[in-house]
Amino acid sequence: MPYRKLKSVLNVLAVVLLIIVALALFAGVGYIVYDVLTNDTSRGIVIVTALLSGGLIATDEDGTESVIWDPIPIDEFPIQEILSTDGSLDVNLALESVTKAFNASGQNMFSTLFNLFDNLEVVAETGESVLNVRPANMSDSTHAKYGVLNVYKETFDMFEERYGDKAEVSVFNYDWRLDNERNAELLEKYINEKGYDEVVLTSHSMGGNVVAGYLARSAENREKVKLYCAYAPSLLGSVDALAYLEDPSLVLDMLGALNLGALQSVVEQLVSNIAGPLLRSMPSIAQLLPSPYLMTSAQYSEELPMITVDGKAIETAGELIEFYNSRPWTVTESGEKAYMFQTEDNGKTRLENFFDSVYVETENGKVHSTELVNTVYFVGTGVSGKERAEFVTDPVSGEIVLSKTYTSTRGDNMVLEYSATAGKGISGDNVEAYLGYGHHVVGIKFKDVLMERTFAETDKVFG
């Protein structure tokens, strides 16, 4: 294949790969400034974004700002049309839209991709961004304020149309690379500064972890929340996060539809050399590891444990934390522990403290914070996804390695049923279950999937 033609193909594949990985992986502090489009009011509707879906803006030393996270230079991207019900992508439409966008902008796709990854670098030991980065906010002119690829523009517009005269509507982007305990604190700061007395919250995927942290921070926070619509929330983590930390190349499983052929090795290098190290440096990815509370939920049984090592099940929270802490990806290239696996003052790792941070001690015992407010869980189910992981000791190296993952249809292909419902399952009245609907659909396709139940519940609050 001639060099120019090969490079052109690589350009398209590289950006499409980024989009697919971003969508497939589930789709951040202190210097954030937020504004909304409507006048101040005591009521707010706040849309909290997902992992990889919030727009990010960097500030140079001279004060110049530029969007560093929104891979497609186009104001209108047909994301709702590209997504099928089960969460798979219409690859041909994605390719057509990406190519059209870059041709119109004059930007080079390949260089754009690598700049994106460079700009997203995180210091693994400190959990901090290398660049001075802030999330996009509603006063920004860029469409990134509605999330990458405009993923929450439809949600925003429909809320604004129906409730804009009753409440302020805004999209809460956060730096999805960083510590979600910090992001929860920033959500609290945002709501307090706006002066809301009543709040309706929605979130998508990892945004559920941010909201859960906000709710757990105080009874005052919980009293303000009149309704929380949790769209495919990853409240108790995901086995996918464990698999990708162990072997970042597993994201290539999602690219089979592209039929990469001879270019497979090029894409593998892209994932292994660039995307893999980035994922392992991000505190938020570690926070998506399956938690002890998922391990002990009804998702699993003695016969079907969450994780086994040489055929023996990990059974207790202590064993699970010890296992995580022993993995090679918890140590940085400098030999130090990565941020989430460092020990804090109470003798526990940050990860262990994070798992506990979304629970509240009540007279009835420890309760997940989302159970203490008017929450409706929107859950995809019946779509095959990773449920269990098997590790074995390599006979040559003596190292414990991931041997196999097992799938089930008790989830949306990214988040399992009991994770998305804080351990309660999908049979409750406050659960809206969508059979055959994938993870990204339950969060992005607002008009076709989420609107009916969301508006029915919001009407009870705002009339």
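Just so you know, these numbers come straight off a predicted model, no measurement behind them.

## A word on the environment of Arg182
You can see Arg182 is positioned in helix H6 (residues 180–194). The spatial distance from the C-alpha of Arg182 to the C-alpha of Tyr214 is 9.6 Å, given a sequence separation of 32 residues.

## Details of helix H13 (residues 317–326)
Those residues of H13 that sit buried are Leu320, Ile321, Phe323 and Tyr324. Viewed end-on, H13 has its buried residues packed into an arc of 160°, placing them on one side of the element. On the buried face of H13, the contacting elements are helix H9 (239–246), helix H12 (292–295), strand E10 (307–309), helix H14 (350–357), strand E15 (385–393) and strand E16 (400–408).

## Considerations on the nonpolar core
Among soluble globular proteins, nonpolar side chains are generally buried collectively. Membership of the largest hydrophobic core comes to 115 residues, with the highest contact counts inside it found for Trp176, Leu187 and Tyr324. If we skip the residues at most four places from it in the chain, Leu187 touches Val46, Val48, Phe172, Val210, Val211 and Tyr214.

## Describing the sheet that holds E10
Judged by pairing direction, the sheet is mixed, and its four strands sit side by side in the order E11-E10-E15-E16 without closing on themselves. Two strands in the sheet have a free side with no partner beyond their single neighbour: strand E11 (312–313) and E16. Here E15 runs beside E16; their pairing, made up of eight bridges, is antiparallel. Residue pairing in the sheet places Val392 in a bridge with Val401 of E16. In the packing of H13 onto the sheet, contacts are made with E10, E11, E15 and E16, and the angle to E10 comes to roughly 65°.

## Here's the deal with the environment of Val169
Take Val169: it is sitting in strand E7 (residues 168–172). Its relative accessible area of 0% is what places Val169 among the buried residues.

## Description of the sheet that holds strand E3 (residues 65–69)
What the three strands build is an open sheet, ordered E3-E2-E6; its pairing is antiparallel. If you trace the sheet from one side to the other, it starts and ends with E3 and strand E6 (133–135), each paired once. Each strand of the sheet is rotated relative to its neighbour by a mean of 40°, with strand direction disregarded. In terms of strand pairing, strand E2 (residues 56–59) meets E6 through three bridges, oriented antiparallel. Bridge pairing in E6 places Ile57 opposite Arg134.

## Let's talk about a nonpolar patch on the surface
Nonpolar side chains collect at one region of the surface, where Val123, Val130 and Leu131 lie side by side and expose about 190 Å² of accessible area between them. Along the chain, Val123 falls in strand E4 (residues 122–123). Since its relative accessible area comes to 31%, Val123 is described here as partly exposed.

Conventions we followed
- Residues numbered from 1 in each chain as written.
- Predicted model: local features only at pLDDT ≥ 70, side-chain atom pairs only at ≥ 80, totals over all residues.
- Heavy atoms only, no water.
- Helix = DSSP H or I, 4+ residues; strand = E, 2+ residues; numbered from the N terminus.
- Buried < 20%, exposed > 50% of the residue type's maximum accessible area, 1.4 Å probe, protein only.
- Arc of directions from axis to C-beta.
- Contact = heavy atoms within 4.5 Å.
- Core = buried A, V, L, I, M, F, W, Y, C linked by side-chain atoms within 4.5 Å.
- Pairing = 2+ DSSP bridges.
- Axes fitted to C-alpha atoms, helices over the stretch in contact; angles between N-to-C directions.
- Patch = residues over 30% accessible without salt bridge, like charges linked within 9 Å, V, L, I, M, F, W, Y side chains within 5 Å.
- Areas by Shrake-Rupley, 256 points an atom, 1.4 Å probe, with all protein chains shown as cover.
- Salt bridge = Lys/Arg side-chain N within 4 Å of Asp/Glu carboxyl O.

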